[in-house]
Amino acid sequence: MLFLVVALVLLAIVLGSAAYLPGPVSVVLAVLIGCWLITFAVRERRRRGGTGRA
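Only a predicted model underlies this, so the values are computations on that prediction, with no experimental measurement involved.

Asker: It is not clear to me how the environment of Ile-33 should be interpreted in this structure. Could you clarify?
Answerer: Looking at where Ile-33 falls in the secondary structure, it is placed in helix H2 (residues 23-47). The buried category is assigned to Ile-33, whose relative accessible area is 7%. A C-alpha to C-alpha distance of 6.6 Å links Ile-33 and Leu-11, two positions 22 residues apart in sequence. Not counting residues up to four positions away in its chain, the partners in contact with Ile-33 are Ala-7, Leu-10, Leu-11 and Val-14.

In structure tokens, the structure reads:
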């Protein structure tokens, strides 16, 4: 859960500074954070059994 919070905070910082950073840098950072979030989601889904029911 901590990883998710950190990833979302980093994403907010990147989006907030996107006006000051060059476009390619913002895109690379956004892709890296997106990959981190996808990895987190996959690991959580495997750990919880992947039922997908609430």
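Asker: Teacher, can you tell me more about the layout of surface pockets here?
Answerer: Gaps between atoms show up when a probe of the same size as a water molecule is rolled over them. In this structure, the largest pocket encloses a volume near 160 Å³. Taken together, Met-1, Phe-3, Trp-36, Thr-39, Phe-40, Arg-43, Glu-44 and Arg-47 form the lining of the largest pocket. Take the lining of the largest pocket: its biggest share by element is 6 residues, from H2. Partitioned by chemical class, the residues of the lining of the largest pocket number 4 nonpolar, 1 polar and 3 charged.

Asker: Whenever I open this one, the packing of helix H1 (residues 2-16) against H2 confuses me. Can you help?
Answerer: Angle between the axes and distance between the axes: these two values describe a pair of packed helices. Look at H1 against H2: their axes get within 10 Å of each other, and the N-to-C directions meet at 165°. Classified by the interaxial angle, the pair formed by H1 and H2 is roughly antiparallel. Every pair of crossing elements has a handedness; the one defined by H1 and H2 is left-handed. On H2, the residues that touch Phe-3, Leu-4, Val-6, Ala-7, Leu-8, Leu-10, Leu-11 and Val-14 of H1 are Ser-26, Leu-29, Ile-33, Trp-36, Leu-37 and Phe-40.

Definitions and cut-offs
- Residues numbered from 1 in each chain as written.
- Predicted model: local features only at pLDDT ≥ 70, side-chain atom pairs only at ≥ 80, totals over all residues.
- Heavy atoms only, no water.
- Helix = DSSP H or I, 4+ residues; strand = E, 2+ residues; numbered from the N terminus.
- Buried < 20%, exposed > 50% of the residue type's maximum accessible area, 1.4 Å probe, protein only.
- Contact = heavy atoms within 4.5 Å.
- 1 Å grid on protein atoms, 1.4 Å probe; cavity = no way out; pocket = protein on both sides within 12 Å on 5 of 7 lines; lining within 4 Å.
- Points joined across faces, edges and corners; volume = space filled by probe spheres on them.
- Nonpolar A, V, L, I, M, F, W, Y, C, P; charged D, E, K, R; others polar.
- Axes fitted to C-alpha atoms, helices over the stretch in contact; angles between N-to-C directions.
- Parallel < 35°, antiparallel > 145°, perpendicular 65-115°, else oblique.
- Left-handed = near helix turned anticlockwise from the far one by under 90°.

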